[in-house]
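# Understanding the architecture of this molecule
The primary structure of each chain is shown beneath.
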Amino acid sequence: MREALTVRTAPAALHEALGLAPGAVIAFVGAGGKTTTAWRLLHELGGPDAPAVWTTTTHIVEPVLPEGIGLLLSEAPSPELLRALFRRLPRWVLGARRVEALAEPPNGPYPVHPWKIQGPPPEHLDRLILRMPEASWLIEADGARRMALKWPADHEPALPAEVDAVAVVASLEAIGRPIGAVTHRSALALAHLGGHPEDPVTPEWLAALVSHPQGGQKGIPSGARRLLILTRGRTFDPEAFKRVCAALPQAAFERVVVLVGGDPVALVGPAAPRVAGIVLAAGEGRRFGSPKALADWHGRPLVRHVTTLARRAGLDPLIVVVGAQAEAVRQALQGLPVQIVENPNWQEGMSSSIRAGLQALPPSVEAFVLLQVDQPLVRPRWLNRLIEIHRATGRPMVVGMLEGEPRPPALFARPLFPALMTLQGEQGGRALVRAFPEAVAMVPVPDPSWVMDIDTPEAYRETIRNL
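Bear in mind the structure is a predicted one, so any value in this text is a computation, not a measurement.

Scoring rules and cut-offs
For every chain, the first residue of the written sequence is number 1, and numbering continues from 1 onward in sequence order. Reporting in this predicted model follows two pLDDT cut-offs: at least 70 for local features of residues, and 80 or more for side-chain atom pairs to be given and counted; totals over whole chains, interfaces and linings ignore these cut-offs and use all residues. Computation of side-chain values covers all heavy atoms of the structure but excludes hydrogens and water. We count a stretch as a helix when DSSP gives it H or I for four or more residues in a row; a strand needs E for two or more, and each element gets its number in order from the N terminus. A radius of gyration in this sense is built from C-alpha atoms; the matching globule rule multiplies 2.2 Å by the number of residues raised to 0.38. Three labels apply to residues, based on accessible area from a 1.4 Å probe with only protein chains included: buried if under 20% of the type maximum, exposed if over 50%, partly exposed otherwise in between. Contacts are residue-level and defined by heavy atoms, with any inter-residue pair within 4.5 Å sufficient. Each accessible area is a Shrake-Rupley result for a 1.4 Å probe, and residues are judged covered by the shown protein chains and nothing else. Nonpolar cores were defined as sets of buried Ala, Val, Leu, Ile, Met, Phe, Trp, Tyr and Cys residues, with membership established by side-chain atoms within 4.5 Å. Within this document, salt bridges are pairs made up of a side-chain nitrogen of Lys or Arg and a carboxyl oxygen of Asp or Glu, the two lying within 4 Å of each other. For Phe, Tyr and Trp, rings pair up if their centres lie within 6.5 Å, where Trp contributes its six-membered ring, and each pair is then called stacked (planes under 30 degrees apart), edge-to-face (over 60) or tilted (otherwise). When DSSP finds two or more bridges between a pair of strands, those strands are recorded as paired. Interaxial angles span 0 to 180 degrees and are taken between N-to-C directions of axes, which are lines fitted to C-alpha atoms, for helices over the stretch in contact. The span you would expect from a helix comes to 1.5 Å times its residue count less one. In this scheme, roughly parallel covers angles under 35 degrees and roughly antiparallel covers those over 145, while 65 to 115 is roughly perpendicular and the rest are oblique. Handedness of a crossing is defined here by the sense of rotation of the near helix relative to the far one, left-handed for an anticlockwise turn of less than a right angle and right-handed for a clockwise turn. By the convention adopted, Pro, Cys, Tyr, Trp, Phe, Met, Ile, Leu, Val and Ala count as nonpolar, Lys, Arg, Asp and Glu as charged, and the other residues, Gly among them, as polar.

### A word on the overall build of the protein
Along the protein, the regular secondary structure elements total 15 helices and 24 strands. Expected size for 467 residues packed as a compact globule is a radius of gyration near 23 Å; at 23 Å, the protein falls within 12% of this value. Projecting the C-alpha coordinates of the protein onto the three principal axes gives extents of approximately 70 × 50 × 40 Å. When burial is assessed residue by residue, the protein has 58% of its 467 residues classed as buried. Of the contacts formed within the protein by residues at least 6 apart in sequence, a portion of 74% connects residues at least 24 apart. Accessible surface computed for the protein: about 18900 Å², of which carbon and sulfur atoms make up 52%.

What follows is the structure, encoded as structure tokens:
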């Protein structure tokens, strides 16, 4: 971690410190501040054009809601119901039912009722997330009985498959205190990490807990961003923070953020810029019968849907290349923080749009992911997986393989930019796969739907029906 990450002062906004954009899907596991973190992000990410939902796959204490936040208790809410509610309020707490009365409500960042609510099952959240990528989803995925550290049980965490990021939370207040007194399921933790219940928690022991594959990182889906949030109540201890970071394995977390009293204070994050994204949305949709970018996808233009998925992956900057029906596509993207590039030569084929997007990339960009507008089921964690493979292997091209064939989206690093500029007509990434096989890292696609494109109205209607 010390070689790959740099230390700096954290931005005041927590979502910026964590590298989250509106539309993020993030689960929280661990102990020592999950609820405080989720509550703050609900306020930061929820807005008129970007609603936010705080929920759980286990149980949370029901908050006393201030003005501007609603509570929905429903066993299986539909996307249509949620969208109707979003038109009334931009921030919601979602649960399935009230389940448990409490003798004494816990202290926390907000007033609460003396009872708990149970959340919807992970599989139902997955369906909602797929249908509603415009919303931010903040999901508490395990419980910790208000302790500072946590080792998961066999059935934990209850993570939805569609999460883009998982934040492991731990309290620095545990350092120096007996392991058995501050760690939920301490016997399991000690069995894996060693030590005695009376031993004090050290920064190194805490780092081992949060980074262990059966501890803090248990069950995190491949490609999901891994974040670490370290919390303290009142004062920042920079030496303890540095020791924890020094003890973390090299690739354990993308970034580490310290919160003091709920406020971001310090950040250890990637020194390299994020990978950019280029969305090709210039075609006229000859076989489709109209521009696919403007097709309706559950109440939103397809280009807005796909661009939202790319934003959730953290691609930055995000460039959308338009051509046919350029003004209508611009309107479909109104309000999104994207750079729109018009390709006056869009009729020359895909290669002209790739060139237009490349020319708009800033010099600091190390690589970009090329996306097509007709792939509505691509997963943000799949895009992150391409980035992971690029950084792990150093290969300048990373592409998914399905049944022996390369399938977009694909990642291209700067050494291949000149070759991309020479493409002609409808040539795209496959031409470079053939020309530079030694430069390619090929990654098996876990699910064919992630790289499925929609070429015909019949395929479009069938995809809509099956989602």
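More follows now that the structure is in view.
### Here we look at the nonpolar core
Judged by nonpolar contacts, the single largest core of 53 residues is most densely connected at Trp 137, Leu 149, Leu 206, Val 210, Leu 230 and Val 256. With five residues, helix 7 (residues 203-211) is the largest single contributor of residues to this core. For Trp 137, the residues in contact, after removing those within four places along its chain, are Ala 24, Val 25, Ile 26, Val 53, Leu 82, Leu 94, Leu 125, Leu 128, Ile 129 and Met 132. Formed by 45 residues, the second largest nonpolar core is a distinct cluster that contains Phe 288, Val 322, Leu 336 and Ala 367.

### Quick word on the pattern of salt bridges
Throughout the structure, instances matching the rule amount to 26 salt bridges. Of the charged contacts, one joins Arg 300 and Glu 134 as a salt bridge, the two residues approaching to 3.9 Å between their closest N and O atoms. Here Glu 134 lies in the loop between helix 4 (122-131) and strand 9 (136-140) and Arg 300 lies in strand 18 (residues 300-301), a separation of 166 residues in the sequence. Just as Arg 300 is buried, Glu 134 falls in that class too. Between Arg 225 and Glu 254 there is a salt bridge whose closest N-O contact spans 2.7 Å. Highlighted residues: Arg 225 in strand 13 (residues 225-232) and Glu 254 in the loop between helix 8 (238-247) and strand 14 (255-260), separated in sequence by 29 residues. When its relative accessible area of 5% is taken as the criterion, Arg 225 is described as buried. Taking the relative accessible area as the measure of exposure, Glu 254 reaches 19% and is therefore buried. A single salt-bridge network, built from bridges that share partners, covers Lys 34, Asp 142, Lys 150, Glu 156 and Arg 185.

### Quick look at the side chain of Arg 381
In this fold, Arg 381 is placed in helix 12 (residues 380-393). Those residues in contact with Arg 381 that sit more than four places away from it in its chain are Ala 161, Glu 162, Val 163, Pro 221, Ser 222, Gly 223, Ala 224 and Trp 450.

### Considerations on the side chain of Gln 372
Along the polypeptide, Gln 372 turns up in strand 21 (residues 367-372). You can call Gln 372 buried: its relative accessible area is 18%. With sequence-adjacent residues up to four places away left out, Gln 372 is seen in contact with Leu 280, Val 306, Met 350, Pro 408 and Asp 453.

### Re the packing of aromatic side chains
Applying the stated rule across the entire model yields six aromatic pairs. Measuring from ring centre to ring centre gives 5.9 Å for Phe 236 and Phe 241, while their planes differ by 55°; the resulting arrangement is tilted. Residue classification places Phe 241 among the buried residues on the basis of a relative accessible area of 2%. Centre to centre, the rings of Phe 368 and Phe 417 are 5.6 Å apart; their planes meet at 55°, and the pair counts as tilted. Here Phe 368 is found in strand 21, whereas its partner Phe 417 is found in helix 13 (residues 417-421), with 49 residues between them in sequence. Comparing Phe 368 with Phe 417 shows no difference in burial state: the two are buried. Among the aromatic residues, those joined into a cluster by ring pairs are Phe 368, Phe 412 and Phe 417.

### Examining the environment of Gly 428
With respect to the helices, strands and loops of the structure, Gly 428 is situated in the loop between helix 13 and helix 14 (429-435). For the pair Gly 428 and Gly 349, spaced 79 residues apart in sequence, the C-alpha to C-alpha distance is 9.4 Å.

### Concerning the sheet that holds strand 7 (residues 97-101)
Where strands meet in a sheet, backbone hydrogen bonds hold them as pairs that are either parallel or antiparallel. Read from one edge of the open sheet, three strands run 4-8-7, paired in antiparallel fashion. Pairing within the sheet leaves two strands with one partner each, and these edge strands are strand 4 (59-63) and strand 7. Mean inter-strand twist for the sheet, computed between neighbouring axes without regard to direction, equals 45°. Bridge analysis of strand 7 against strand 8 (residues 112-118) gives four bridges, and the strand direction is antiparallel. Across the sheet, the residue bridging to Arg 97 is Gln 118, located in strand 8.

### Here we look at helix 12
Along its 14 residues, helix 12 runs 20 Å from first to last C-alpha, staying within 8% of the 20 Å computed at 1.5 Å per residue. When helix 12 is considered as a whole, its buried residues turn out to be Pro 380, Arg 381, Trp 382, Leu 383, Asn 384, Leu 386, Ile 387, Ile 389 and His 390. Positive backbone phi, at 75°, marks Gly 394, one or two positions downstream of helix 12.

### With respect to the packing of helix 7 against helix 8
Two numbers describe how helix 7 lies on helix 8: the axes approach to 8 Å, and their chain directions differ by 50°. Between helix 7 and helix 8, the angle is such that the two are oblique. Judged by the twist between their axes, the crossing of helix 7 over helix 8 is right-handed. Residues Pro 203, Glu 204, Leu 206 and Ala 207 of helix 7 form the contact with helix 8, whose participating residues are Ala 240, Arg 243, Val 244 and Ala 247. Across the contact of helix 7 with helix 8, the residue classes tally to six nonpolar, no polar and two charged.

### What about the sheet that holds strand 23 (residues 405-413)?
Strand order in the open sheet formed by seven strands is 20-19-16-21-23-22-24, and the pairing between neighbours is mixed. Looking at the sheet topology across the chains shown, the edges are occupied by strand 20 (339-342) and strand 24 (440-444). Taken over all neighbouring pairs, the strand axes of this sheet differ in orientation by 25° on average, direction set aside. Strand direction decides the pairing type here: strand 21 and strand 23, joined by four bridges, are antiparallel. Note on strand 23: the bridge partner recorded for Leu 370 is Ala 410.

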